[in-house]
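Listed below are the residues making up each chain.
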Amino acid sequence: MSKNQASSIRWWDIPSIFLLIMILTIVCIRLVITHWTNHLSIIATITYLGALAGLTLGYSNFNKVRTFLFSIYYGVFVVIWQIGSTLSLDISWYDRLIIISERISNTLTILYQRKPVADNLFFLLLMSILFWIIGTYAGFSLVRYADPWKIIIPSGIGIVTIHSYDSFITQRIWYLIIFLFFSLILIIRLIFLQMRQKWQTEGSHIPVNINSIFSRLAILTAIILLVLVSVAPVEAKSFEAATHAWEQMKQPFKQIRENIGNAFASLQSSVGIIPE
């Protein structure tokens, strides 16, 4: 397959899109159930709209520059729209924009002074931007490149980071397990699509039921791997060594964590504040 042929292929696959939506949904739910602040539900809306924009841009013939510019323009509109929707409906949109800009300006001033920020708007704005990028990039990467890692890695970093700051309720580890389950199925699905495309290009015979065979294989493989991970024994010494290494790795970022603590001082914990 030539480079031009590869760049013209669009991987519009309904099962893969479904798996993408499930992965993004799990990450969004994991953020919302932390109850760190109000109005976290708008993050899910932003993520879904970002994924829709990414899917559309991936299917289009726009080059990377046009795609990037369009995603920024549309992203700015969606983020401001959703952030503004958290304010009172009695306030005009002109006044909402003024209020948002003033609150952001005040927050930046407080951060510059290295003081705790009491306004939750900064966190909402930051999460809105990050999840818009995750959703758009995931949708675009799926349709344009059929690359599972460009979907899973950003989303995986997001859900692992959220869980690391909200790991006090042990049952919430299941969100990570479910995330891994759908991620493994997506990986196998996209590998199959790439192989099928290669077989079609080479004129190889493709069995009629190959699609259902790979789908069952993907689900079975994901279940087996997750079962093995969940039942695998972990030695106490290995766990202690990993914990010590993690503590050593966190030391250089202590100042950064303090600055982040000031930026997110308005957040609340669903289980109370637990000091380090």
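Provided above is the structure to which this section pertains.
As the structure is a prediction and not an experimental result, all values here were calculated from the model. (Residues numbered from 1 in each chain as written. Predicted model: local features only at pLDDT ≥ 70, side-chain atom pairs only at ≥ 80, totals over all residues. Heavy atoms only, no water.)

Enquirer: Hey, could you run me through a nonpolar patch on the surface in this one?
Expert: Among the surface-exposed residues, Val65, Phe68, Leu69, Ile72, Tyr73, Val76, Phe77, Ile80, Trp81, Trp93 and Leu97 lie close enough to one another that they form a single nonpolar patch of about 1,100 Å² accessible area. Secondary structure elements with two or more residues in the nonpolar patch: helix H4 (64-84) and helix H5 (93-112). For the nonpolar patch, the leading source of residues is H4, giving nine residues. Note on placement: Trp81 falls in helix H4. We classify Trp81 as partly exposed; its relative accessible area is 37%. (Patch = residues over 30% accessible without salt bridge, like charges linked within 9 Å, V, L, I, M, F, W, Y side chains within 5 Å. Areas by Shrake-Rupley, 256 points an atom, 1.4 Å probe, with all protein chains shown as cover. Salt bridge = Lys/Arg side-chain N within 4 Å of Asp/Glu carboxyl O. Helix = DSSP H or I, 4+ residues; strand = E, 2+ residues; numbered from the N terminus. Buried < 20%, exposed > 50% of the residue type's maximum accessible area, 1.4 Å probe, protein only.)

Enquirer: What should I look at first to understand unusual backbone geometry in this one?
Expert: The phi torsion of most residues other than glycine is negative, and most of the peptide bonds are trans. A positive phi angle, near 55°, is found at His35, a position not held by glycine. A positive phi angle is found at His39, which is not glycine, with a value near 65°. Overall, the relative accessible area of 38% leaves His39 in the partly exposed class.

Enquirer: Got a minute to help me understand the packing of aromatic side chains in this structure?
Expert: Applying the stated rule across the entire model yields seven aromatic pairs. Measuring from ring centre to ring centre gives 5.5 Å for Trp12 and Tyr59, while their planes differ by 70°; the resulting arrangement is edge-to-face. Taken together, the positions of Trp12 in the loop between helix H1 (3-8) and helix H2 (14-32) and Tyr59 in helix H3 (residues 41-59) put the pair 47 residues apart, joining distant regions of the chain. The interplanar angle of 75° and the centroid separation of 5.3 Å between the aromatic rings of Phe181 and Phe182 together place this pair among those described as edge-to-face. Residue Phe181 shares its accessibility class with Phe182, and that shared class is buried. Here the aromatic cluster, defined as three or more aromatic residues joined through ring pairs, consists of Phe70, Tyr74 and Trp132. Between Arg96 and the ring centre of Trp93, over which it is positioned, the NZ or CZ distance is 4.5 Å. If you follow Lys150 out to its NZ or CZ, it ends over the ring of Tyr145, 4.4 Å from the centre. (Phe/Tyr/Trp six-rings, centres within 6.5 Å; stacked < 30°, edge-to-face > 60°. Lys NZ or Arg CZ within 6 Å of the ring centre and 35° of its normal.)

Enquirer: I keep staring at the layout of surface pockets and nothing clicks. Help me out?
Expert: Rolled over the atoms, a probe with the dimensions of a water molecule shows which regions are left empty. Its volume calculated, the second largest pocket comes out at about 470 Å³. Surrounding the second largest pocket, 18 residues form its lining, Phe68, Ser71, Ile72, Ile133 and Thr136 being those nearest its centre. Only H4 and helix H6 (121-145) provide two or more residues apiece to the lining of the second largest pocket. The dominant element in the lining of the second largest pocket, judged by the number of residues it contributes, is H4, at nine residues. In terms of residue class, the lining of the second largest pocket is built from 12 nonpolar, four polar and two charged. (1 Å grid on protein atoms, 1.4 Å probe; cavity = no way out; pocket = protein on both sides within 12 Å on 5 of 7 lines; lining within 4 Å. Points joined across faces, edges and corners; volume = space filled by probe spheres on them. Nonpolar A, V, L, I, M, F, W, Y, C, P; charged D, E, K, R; others polar.)

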